[in-house]
Amino acid sequence: MKQPIIYFEDYLLRAIEIKDGRDMFEYGKDLETVKYLSWGPYSDVTEAFLSIKEFFLKRPERGLPVGYAIVELSTGKMIGTIDFHTIVSEGVVEAGFCLNKAYWNKGIMSKALHKLLEVGFYYYGFNKIIIGHANQNLQSQRVIEKNNFVFDYEDDTKYYNRFTGLNEPSKWYYHTKETFKK
């Protein structure tokens, strides 16, 4: 199934491509940007290219769409990613996102997540989309709450912090087609 291109305001969501490696490295090397993620920080640009090749572009082999690059229309720069990265069960997927910190606090990720939910329910036909964040990651929590996700549970061990080596508390949310408002 061809992945649709989605436009919103001054940005677009399109399938991530190998050519996005340099832009991904720009934000993926920044510890503040990736401190709550399961990857990074990158120490070399080749790690970003390898991540695209080995993780994003192989998702269709697992029944998932290639992740979306968030692209600034005026510059053509890929400023982040948003995607369905894990099949939890039949019709249930987990979403995730990352944004270059130069673009934080502008509402971009909240709008991108809304578009991802739309495409997830109405194009791919998922029944349920889940998302989580480390308890300390208040920025992600705000993005999730702005999209009216339904709080599901708190998990004391699900989030692994690669910098501390500890499992830390996380909060988990969901949307179904019925709870999601276009």
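Scroll up for the structure.
The present account deals with the structure reproduced in this document. (Residues numbered from 1 in each chain as written. Predicted model: local features only at pLDDT ≥ 70, side-chain atom pairs only at ≥ 80, totals over all residues. Heavy atoms only, no water.)

## Points about a nonpolar patch on the surface
Piece 1. A cluster of nonpolar side chains, namely Ile5, Tyr7 and Leu73, defines an oily patch on the protein surface of about 320 Å² accessible area.
Piece 2. Tracing the sequence through the fold places tyrosine 7 in strand β1 (residues 6-8).
Piece 3. Looking at tyrosine 7, the relative accessible area reads 54%, which means it is exposed. (Patch = residues over 30% accessible without salt bridge, like charges linked within 9 Å, V, L, I, M, F, W, Y side chains within 5 Å. Areas by Shrake-Rupley, 256 points an atom, 1.4 Å probe, with all protein chains shown as cover. Salt bridge = Lys/Arg side-chain N within 4 Å of Asp/Glu carboxyl O. Helix = DSSP H or I, 4+ residues; strand = E, 2+ residues; numbered from the N terminus. Buried < 20%, exposed > 50% of the residue type's maximum accessible area, 1.4 Å probe, protein only.)

## A word on the nonpolar core
Nonpolar side chains tend to gather and get buried jointly when the protein is soluble and globular.
Piece 1. In terms of nonpolar packing, the biggest core is built from 33 residues, with Ile70, Ile82, Phe84 and Leu113 touching the most fellow members.
Piece 2. Every element with two or more residues in this core is listed here: β1, β2 (11-15), β3 (68-72), β4 (78-89), β5 (92-99), α4 (108-122), β6 (128-134) and α5 (138-146).
Piece 3. It is α4 that provides the largest number of residues to this core, a total of 8 residues.
Piece 4. Core analysis: the next-biggest nonpolar cluster, separate from the first, contains 16 residues, Phe25, Tyr42, Ala48 and Phe56 among them. (Core = buried A, V, L, I, M, F, W, Y, C linked by side-chain atoms within 4.5 Å.)

## Looking at the packing of aromatic side chains
Piece 1. Scanning all chains against the criterion turns up 8 aromatic pairs.
Piece 2. For the ring pair phenylalanine 121 and phenylalanine 180, a centre distance of 5.7 Å and an interplane angle of 40° mean the geometry is tilted. Of this pair, phenylalanine 121 sits in helix α4 while phenylalanine 180 sits in the segment after β8 (166-176), and the two are 59 residues apart along the sequence. Note on accessibility: phenylalanine 121 and phenylalanine 180 belong to one class, buried.
Piece 3. Both rings, one in tyrosine 124 and one in phenylalanine 126, keep their centres 5.9 Å apart while their planes meet at 20°; by these two values the pair is stacked. Grouping residues by exposure puts tyrosine 124 and phenylalanine 126 together as buried. (Phe/Tyr/Trp six-rings, centres within 6.5 Å; stacked < 30°, edge-to-face > 60°.)

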